[in-house]
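Listed here are the chains, written in short residue letters.
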Amino acid sequence: MSTWSPDPQRFPRFALLDGPSPLAPLPQFSAALGGRVEVWIKREDLLPLAFGGNKLRNLEFLVGAALAEGADTLVTSGRRWSNHARLTAAAGAKAGLGVHLVLSGPQVDPPNPSVRLDELL
């Protein structure tokens, strides 16, 4: 079995994943469908960085491109509860890059857990 891999010269990549996300069966959902099919779910939430998420796959290429171009900082925007913002902060920290998050949405006091985690990362 061959695995496609992008050209690293054309598409620089910074590794954020240590392998594929695991699969898990959904037996109750399968039963609710009458047992005609076996349904499985891909557990992107179990990826290894900052509570995971499929956005890490894209960030491998965004961070790789930033590093290849000599950038020292990542900038992104999102809502105050943005998973993308959290994962960008974590990816930047792992790559040794500064990160600036431009967060929108209502401010709350104390800050919500997402904002606190963004700040820690």
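Residues numbered from 1 in each chain as written. Predicted model: local features only at pLDDT ≥ 70, side-chain atom pairs only at ≥ 80, totals over all residues. Heavy atoms only, no water.

Q: Which residues make up the pattern of salt bridges, and what are the values?
A: As a working rule, side chains carrying opposite charge can pair if their charged atoms are close by. Inspection of the entire model under this criterion finds three salt bridges. Among the salt bridges present, the one from Glu60 reaches Arg13, with a minimum N-O distance of 2.9 Å. Note that Glu60 is positioned in helix α2 (residues 55–68) and Arg13 in the segment before β1 (23–25), a separation of 47 residues in sequence. The class of Glu60 is buried, set by a relative accessible area of 4%. For the salt bridge of Glu44 with Arg57, the shortest nitrogen-to-oxygen distance reads 2.8 Å. Linking Glu44 in the loop between β2 (40–42) and α2 with Arg57 in helix α2, this pair joins segments that are 13 residues apart in sequence. Assessed through its relative accessible area of 30%, Arg57 is described here as partly exposed. (Salt bridge = Lys/Arg side-chain N within 4 Å of Asp/Glu carboxyl O. Helix = DSSP H or I, 4+ residues; strand = E, 2+ residues; numbered from the N terminus. Buried < 20%, exposed > 50% of the residue type's maximum accessible area, 1.4 Å probe, protein only.)

Q: Give a description of the packing of α2 against helix α3 (residues 83–95) that names residues and reports values.
A: Close contact between α2 and α3 brings their axes to 10 Å; oriented N to C, the two are set at 45°. Regarding the angle of α2 to α3, the classification is oblique. Considering the relative orientation of α2 and α3, their crossing is right-handed. Residues Lys55, Leu56, Leu59, Val63 and Leu67 of α2 form the contact with α3, whose participating residues are Asn83, His84, Leu87, Thr88, Ala91 and Ala95. (Axes fitted to C-alpha atoms, helices over the stretch in contact; angles between N-to-C directions. Parallel < 35°, antiparallel > 145°, perpendicular 65-115°, else oblique. Left-handed = near helix turned anticlockwise from the far one by under 90°. Contact = heavy atoms within 4.5 Å.)

Q: Describe the side chain of Asp118, listing the residues and the values that go with them.
A: Positionally, Asp118 belongs in helix α4 (residues 113–120). As a buried residue without a salt bridge, Asp118 has its nearest oppositely charged side chain in Arg86, at a separation of 6.2 Å. The contact partners of Asp118, leaving out residues within four places of it in the chain, are Arg80, Ala85, Arg86, Ala89, Leu101 and Leu103. (Lys, Arg positive; Asp, Glu negative; His and termini not counted.)

Q: How would you explain the environment of Thr88 if you had to name every residue and give the values?
A: Tracing the backbone through its elements, the reader meets Thr88 in helix α3. Since its relative accessible area comes to 4%, Thr88 is described here as buried. Between the C-alpha atoms of Thr88 and Leu121, which are 33 residues apart in sequence, the distance is 9.2 Å. Sequence-distant contacts of Thr88, that is, excluding residues within four places in its chain, are made with Leu59, Leu74, Thr76 and Val99. Of note is the side chain of Thr88, whose polar atom sits 2.8 Å from the backbone oxygen of His84. (Polar contact = N/O pair within 3.5 Å; in protein donor to acceptor, adjacent residues only side chain to side chain.)

Q: Lay out the environment of Leu121 with the relevant residues and their values.
A: For Leu121, the location among the structural elements is in the segment after α4. Judged by relative accessible area, Leu121 falls into the partly exposed class, the value being 37%. In this structure, the C-alpha to C-alpha distance between Leu121 and Lys42, residues 79 residues apart in sequence, is 26 Å. Once residues lying within four places of it in the same chain are set aside, the contact partners of Leu121 are Ala50, Arg86, Ala89, Ala90 and Ala93.

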